[in-house]
Structure formats: C-alpha cells, structure tokens
Amino acid sequence: LLRQRWRTSINRAAEAMTLFAVACAGIFPGIHVGRWWLAWYLAPVPNANAIWPNFRSPLLWDVFAVSTYATVSVLFWYVGLIPDLATLRDRTKSKVKQFFFGLFALGWRGSNRNWRNYEMAYLILAGISTPLVLSVHTVVSFDFATSVLPGWHATIFPPYFVAGAIFSGFAMVLTLLIPVRQMFGLGNLITLKHIDNMTKVILATGCIAGYAYGMEFFIAWYSGVRPEQEFFWNRVFGQWWWAAWIMLLCNMALPMSLWSQKLRRNPTWLFILSIFINLGMWFERFVIVVPSLSHEFEP
C-alpha cells in the first residue's frame, strides 16, 4: 500500500504464512462450538430454518472475519503470482504444464496494459487487506473483551491484539526466511537491509505489546475492582507465574536486543529470537485463557 520496494523480497513468505495461519484459524470456531457436528450453526443460515444463529456471539463474528480475511488473502497471493505463472508457462517444455500455467496466468503477456491493470488490482487488494488486518484481529480480541471475566474484559484488547499479530507475524516470516535464504543461497535477493527493516517493525510492535502488558496492570490497579487486581497479582505471582514470566521474557525483554544494529543484522541471532517470539506469543494466549478461567472472580 505504501509502495515499499523492500517488501518484494519477503512478500511470498509473508503471504504463504498468512494462508497457513488463516487455515489454522478457520479450524478453531468449529472446536469452540464444543460438538463439531453443530459447527454448521456458525453458518449464516436464514432464520426461516429455525436454527437461529446467535449473531451477537463473538464466535460468529470470528467466522465472518476469518472467512473474509481468507478470501482476500488468497486473492492477494494469487494476483501477485500471475506474472510468475506466465514466466513458468513460457519456459516449460511440457505441454501439460504449459496448459495449466497458461490457465492460471490468465493470458498474461507482459504488455503495458497488463501491467497497468495488474498494479491497479494489486493496489485495490492491498487497500482492502489493510483494514481487514485491523478488523480480523480486533474481532478475535472481542472473543475475550466482550465477556466480563477479570483479565479479559478490557478495551485495550483490540489494539493490543493487532500489534501482537504484526509482531509475531514478522517474527514468523523471519523463522521461514532465514533458513530458506541460507539453504537456497538467496543472500542477494533477501539482503541484510531487508532483514534489518523487518526487525525494526518487530521492535516497534514489540514495544507496543510491552506497553499493553504494563497498561493491563495499570488498568487493573486504577479500576479499584478487587477481583481484577487480585487476578493480575495472581498472574505474575500465583499458580501460573512461570507462564507469565516466559511471556514477558520472550515478548518484552529479548526483542529489546534489536536496538543494536549489529544484532539486527545477525541472521543466527534473529532466527533464535524469532523462535522465542513465537513461543512467547503462544504463552501470551495461554496466559490470557488459562489463568483467567482458573481464577475468575476470586478476591
């Protein structure tokens, strides 16, 4: 959307990772229904069928958000591949491959008109995707924020989840790219400058996530609500203290190493750090879900 040229070295990995992540996300509403044979209740079935889907349920909002995100992500990924599919069509000797690559290349000839239409379509899809990234992770956060459980009922959740998604998303792209870069000798395509730019995004969103962690404790203290205060005290010093401290270590402390340009350009350290960030984000979900349900309203 901002026409950043350096994204061309990472877009394939980012788009592929998005598709895999959305496929995983699509499984969860079915699990959350409890009885998987009732998952079709999540479909927007007309009320005339007397199924009565609960459109006030955040779980149903999830279905709409994830399915829309999946559709646009597939289109974005596919449109980006069209010139490459045409190149494969022109270079292959196999008639069968020529036919299939030609079918998916949609008659691409590389003309000025083709490129003009392609860039406009790509820009429109980028414009649709950007608010979708914000809306999808906001809706996912509503699954928690619209409940009244201590630790969940917080208006900070939507921006906190969006920042966390970008933070862990870029880390996951590094997890994929750094080994691929090494194995296939792509150092000239994915340069240290590209990796440096990615780590700056990780550092910025990591600082936002860290601010959100601190703000959660401040809101609990400032609210004057005893169960909320006790819950957050329990989060760091109670039964699940180890999970909270792993989360803080992986998502707040370790990413601060990225203030050093030397470490921002060290692929080995960045690969290790990306694994820790992925681990930290898993523990973030654990810390949000498990301690809240185990402690609830106990003062």
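What you see is a predicted model, and the numbers here were worked out from it, not measured in a lab.

### Considerations on the overall build of the chain
Piece 1. Scanning the chain for helices and strands turns up 10 helices and 0 strands.
Piece 2. When the elements of the chain are put in sequence order from the N terminus, they spell out α-α-α-α-α-α-α-α-α-α.
Piece 3. Its C-alpha atoms give the chain principal-axis dimensions of roughly 70 × 65 × 30 Å.
Piece 4. A buried classification covers 42% of the 299 residues belonging to the chain.
Piece 5. Within the chain, contacts between residues at least 6 apart in sequence are counted, and of these 69% link residues at least 24 apart.

### Focus: the pattern of salt bridges
Piece 1. Applying the stated criterion across every chain, the model contains 8 salt bridges.
Piece 2. A salt bridge links Arg 89 to Asp 90; the shortest N-O distance between them is 2.9 Å.
Piece 3. Residue class for Asp 90 comes out exposed when judged on its relative accessible area of 55%.
Piece 4. Put simply, Glu 230 and Arg 226 hold a salt bridge, and the shortest N to O gap is 3.3 Å. Within this pair, Glu 230 and its partner Arg 226 are both found in helix H7 (residues 226-237), separated by 4 residues, close to a single helical turn.
Piece 5. Residues joined by salt bridges that share partners form a network here, namely Asp 196, Arg 264 and Arg 265.

### Details of the packing of aromatic side chains
Piece 1. Taken as a whole and assessed by the stated rule, the structure comprises 28 aromatic pairs.
Piece 2. An angle of 85 degrees between the planes, with centres 5.6 Å apart, marks the rings of Phe 157 and Tyr 160 as edge-to-face. Of this pair, Phe 157 and Tyr 160 both sit in helix H5 (residues 157-183), 3 residues apart, which is roughly one turn of that helix. Each member of the pair, Phe 157 as well as Tyr 160, carries the same accessibility label: buried.
Piece 3. An angle of 25 degrees between the planes, with centres 5.3 Å apart, marks the rings of Phe 157 and Phe 161 as stacked. With Phe 157 and Phe 161 both in helix H5, this residue pair falls 4 residues apart, about one helical turn.
Piece 4. You can call Phe 157 buried: its relative accessible area is 0%.
Piece 5. Overall, Phe 161 belongs to the buried group, its relative accessible area being 2%.
Piece 6. The rings of Phe 144, Trp 152, Phe 157, Tyr 160, Phe 161 and Tyr 213 are connected pair by pair, giving a single aromatic cluster.
Piece 7. Residue placement shows Arg 285 over the ring face of Phe 161; its charged tip is 4.6 Å from the ring centre.

So, how was this worked out
- Residues numbered from 1 in each chain as written.
- Predicted model: local features only at pLDDT ≥ 70, side-chain atom pairs only at ≥ 80, totals over all residues.
- Heavy atoms only, no water.
- Helix = DSSP H or I, 4+ residues; strand = E, 2+ residues; numbered from the N terminus.
- Buried < 20%, exposed > 50% of the residue type's maximum accessible area, 1.4 Å probe, protein only.
- Contact = heavy atoms within 4.5 Å.
- Salt bridge = Lys/Arg side-chain N within 4 Å of Asp/Glu carboxyl O.
- Phe/Tyr/Trp six-rings, centres within 6.5 Å; stacked < 30°, edge-to-face > 60°.
- Lys NZ or Arg CZ within 6 Å of the ring centre and 35° of its normal.

Remember, this is a structural readout, not a statement about activity or role.
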